[in-house]
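Next come the chains, spelled out residue by residue.
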Amino acid sequence: MVERLQNQVEKEERDVRILRAVIADGPIGIVKLAERTGLPEHKVRYSLRMLENDEFVEPTPDGAIPADDIEDRLATVNEGLTGLIERLEQVRDAEAPTI
């Protein structure tokens, strides 16, 4: 269970690395993102697709750019992370089932 959660967190962390690079250097393409982040191109491509689906970045002929309302979107994500941390603490601190 923990390994599955850890894998998901690592994927989300990769998406955040890509998003930060797009915010800092957009428009930016897959090859430059891979160079900047040290991630393989196929993982950059996947993360960009997920970020596009979640409307954090927009594709352009010159590369990915951040969404117009990126600051609002990031604020919402940060609020959600705070709630998720609280929820995980509740799960951790819940009484363990008896066997």
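Everything discussed here concerns the structure shown above.
Residues numbered from 1 in each chain as written. Predicted model: local features only at pLDDT ≥ 70, side-chain atom pairs only at ≥ 80, totals over all residues. Heavy atoms only, no water.

A word on helix H2 (residues 30-37)
Taken together, the buried positions of H2 are occupied by Leu-33, Ala-34 and Thr-37. Within H2, the buried residues cover an arc of 100° as seen down the axis, which keeps them to one side. The outward face of H2, more than 90 degrees from its buried face, is lined by the exposed residues Lys-32, Glu-35 and Arg-36. Considering only its buried residues, H2 is in contact with helix H1 (2-25) and helix H3 (41-53). Trailing H2 by a residue or two, Gly-38 shows a phi angle of about 75°, which is positive. (Buried < 20%, exposed > 50% of the residue type's maximum accessible area, 1.4 Å probe, protein only. Helix = DSSP H or I, 4+ residues; strand = E, 2+ residues; numbered from the N terminus. Arc of directions from axis to C-beta. Contact = heavy atoms within 4.5 Å.)

Notes on the packing of H1 against helix H4 (residues 70-93)
Running from amino to carboxyl end, H1 crosses H4 at an angle of 160°, the nearest separation of the two axes being 14 Å. Compared by their axis directions, H1 and H4 come out roughly antiparallel. Like other packed secondary-structure pairs, H1 and H4 cross with a definite hand, here left-handed. Together, Leu-5, Leu-19 and Ile-23 of H1 and Ile-70, Leu-74 and Leu-88 of H4 make up the contact between the two elements. For the contact of H1 with H4, the per-class residue count stands at six nonpolar, no polar and no charged. (Axes fitted to C-alpha atoms, helices over the stretch in contact; angles between N-to-C directions. Parallel < 35°, antiparallel > 145°, perpendicular 65-115°, else oblique. Left-handed = near helix turned anticlockwise from the far one by under 90°. Nonpolar A, V, L, I, M, F, W, Y, C, P; charged D, E, K, R; others polar.)

Regarding the packing of H2 against H3
Packed helix pairs are specified by the crossing angle of their axes together with the interaxial distance, meaning the distance between the axes. Following both chains from N to C, one finds H2 and H3 inclined at 110°, their axes separated by 9 Å at the closest point. Taken together, the axis directions place H2 and H3 in an arrangement best described as roughly perpendicular. As for the relative orientation of H2 and H3, their crossing is right-handed in sense. On H3, the residues touching Ile-30, Val-31, Leu-33, Ala-34 and Thr-37 of H2 are Glu-41, Val-44, Arg-45 and Leu-48. Across the contact of H2 with H3, the residue classes tally to six nonpolar, one polar and two charged.

Focus: the nonpolar core
One finds Ile-18, Val-22, Leu-33, Val-44 and Leu-48 to be the most contacted residues of the largest nonpolar core, which totals 15 residues. Elements represented by at least two residues in this core include exactly H1, H2 and H3. The element contributing the most residues to this core is H1, with four residues. Other than its neighbours up to four places away in sequence, Leu-33 contacts Ile-18, Ala-21, Val-22, Ile-28, Gly-38, Val-44 and Leu-48. (Core = buried A, V, L, I, M, F, W, Y, C linked by side-chain atoms within 4.5 Å.)

With respect to a nonpolar patch on the surface
Judged by side-chain polarity, Leu-5, Val-9, Val-77, Leu-81, Leu-84 and Leu-88 come together as a nonpolar surface patch covering roughly 490 Å² of accessible area. When residues of the nonpolar patch are traced back to their parent elements, those giving at least two are H1 and H4. Sorting elements by how many residues they give to the nonpolar patch places H4 first, with four residues. (Patch = residues over 30% accessible without salt bridge, like charges linked within 9 Å, V, L, I, M, F, W, Y side chains within 5 Å. Areas by Shrake-Rupley, 256 points an atom, 1.4 Å probe, with all protein chains shown as cover. Salt bridge = Lys/Arg side-chain N within 4 Å of Asp/Glu carboxyl O.)

Quick notes on the pattern of salt bridges
Under the counting rule described, the total for this entry stands at six salt bridges. With its nearest N and O atoms 3.1 Å apart, the salt bridge here joins Arg-73 to Glu-55. Taken together, the residues Arg-73 in helix H4 and Glu-55 in the loop between H3 and strand S1 (57-58) connect sequence positions 18 residues apart. The partly exposed category is assigned to Glu-55, whose relative accessible area is 48%. Among the ionic pairs, Asp-69 bridges to Arg-73, the shortest N-O distance being 2.9 Å. Here the residues in one salt-bridge network are Lys-11, Glu-12 and Asp-15, joined through shared partners.

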